[in-house]
Amino acid sequence: MSKFNIDNDAIRQLAELLDDTKLTEIEVAAGDNRIRVARQGTMVAAAPAAVPVAASAPAAAAAPADAGAHPGAVKSPMVGVVYFAPEPGAAPFISVGSSVTEGQTLMLIEAMKTFNPIRAPKSGKVSQILATDGHPVEYDEPLIIIE
């Protein structure tokens, strides 16, 4: 049976990186050793031992649990960084209370150095903005609500 030495400092640094980037998991490999830290409530797990380790910072505030089920939820089609303006300092595409038309650009998601426009799937009024400008989003994460 091989002995696996857990590097607590590395786990703490990875947990802090999760909080700083708002990611839900990160994995690092060096040779035969591998550490995977994943956000699960306020706990993270380290692999291969899969022993829960308390996160060094509180979990990021999540969107309301029912936001994804809302019929007007616009969800992220990809993993990337969301931007609500076409360039720094420019007026945002939308704000809470904005009326939007089907096909209108709501935001951009940068993925692999490409800015992808996210368009309104229907016309309506923006009632909530759930994502934060300049922060990472995940696939299928609710971004905004259109009523």
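Note: the structure precedes this text.
For clarity, every value in this text was computed on a predicted model and none was experimentally measured.

How each quantity is defined
- Residues numbered from 1 in each chain as written.
- Predicted model: local features only at pLDDT ≥ 70, side-chain atom pairs only at ≥ 80, totals over all residues.
- Heavy atoms only, no water.
- Helix = DSSP H or I, 4+ residues; strand = E, 2+ residues; numbered from the N terminus.
- Buried < 20%, exposed > 50% of the residue type's maximum accessible area, 1.4 Å probe, protein only.
- Contact = heavy atoms within 4.5 Å.
- Areas by Shrake-Rupley, 256 points an atom, 1.4 Å probe, with all protein chains shown as cover.
- Expected span 1.5 Å × (residues − 1).
- Pairing = 2+ DSSP bridges.

K.L.:
How should the overall build of the chain be read in this particular structure?
P.N.:
Each helix and strand counted, the chain has 1 helix and 12 strands in total. Secondary structure elements of the chain occur, N-terminal to C-terminal, as α-β-β-β-β-β-β-β-β-β-β-β-β. Expressed as a percentage of its 147 residues, the buried residues of the chain come to 30%. Nonlocal contacts in the chain, meaning residues at least 24 apart in sequence, comprise 51% of its contacts between residues at least 6 apart. With an accessible surface of roughly 9000 Å², the chain has 54% of that area assigned to carbon and sulfur atoms.

K.L.:
What should I look at first to understand helix α1 (residues 8–21) in this one?
P.N.:
A turn of α-helix holds 3.6 residues, and therefore any two residues three or four places apart point the same way. Look at α1: 20 Å from first C-alpha to last across 14 residues, which is about the 20 Å you get at 1.5 Å a residue. When α1 is considered as a whole, its buried residues turn out to be Ala10, Ile11, Leu14, Ala15, Leu18 and Asp19. Downstream of α1 by a residue or two, Lys22 has a phi angle that is positive, lying close to 65°.

K.L.:
Just checking my understanding: could you explain the sheet that holds strand β9 (residues 114–119) for this structure?
P.N.:
The strand order across the open sheet built from 4 strands is β9-β8-β6-β11, with neighbouring strands paired in antiparallel fashion. At either margin of the open sheet sits one strand with a lone partner, and together these are β9 and β11 (136–137). Here 2 bridges tie strand β6 (residues 80–83) to β11, and the two strands are oriented antiparallel to one another. Pairing of Val81 across the sheet is with Pro136, part of β11.

K.L.:
How do you make sense of the pairing of strand β8 (residues 105–111) when you look at a structure like this?
P.N.:
Residues in a regular strand project their side chains so that they alternate between the two faces of the sheet. Of all 7 residues in β8, 6 are buried; the element is thus mostly enclosed. Sheet topology note: the β6/β8 ladder contains 3 bridges and is antiparallel. Bridged to Val82 within β8 is Ile109. Bridge analysis of β8 against β9 gives 6 bridges, and the strand direction is antiparallel. Each residue of the ladder has a partner; that of Glu110, found in β9, is Phe115.

K.L.:
Looking at this structure, how should I read the sheet that holds strand β7 (residues 99–100)?
P.N.:
Each strand in a sheet pairs with its neighbour through backbone hydrogen bonds, running either in the same direction (parallel) or in the opposite one (antiparallel). Taken together, the 4 strands give an open sheet; going across it, the order is β5-β12-β10-β7, and neighbouring strands pair in antiparallel fashion. Two strands in the sheet have a free side with no partner beyond their single neighbour: β5 (73–75) and β7. Here β7 pairs with strand β10 (residues 124–129) via 2 bridges, running antiparallel. The residue bridging Ser99 from the neighbouring strand is Lys125, located in β10.

K.L.:
Just checking my understanding: could you explain the environment of Met78 for this structure?
P.N.:
On the secondary structure map, Met78 appears in the loop between β5 and β6. Sequence spacing of Met78 and Asn116 is 38 residues, and the spatial spacing of their C-alpha atoms is 9.4 Å. Not counting the four nearest positions on each side in its chain, Met78 is found in contact with Ile109, Ala111, Asn116, Val137, Glu138 and Tyr139.

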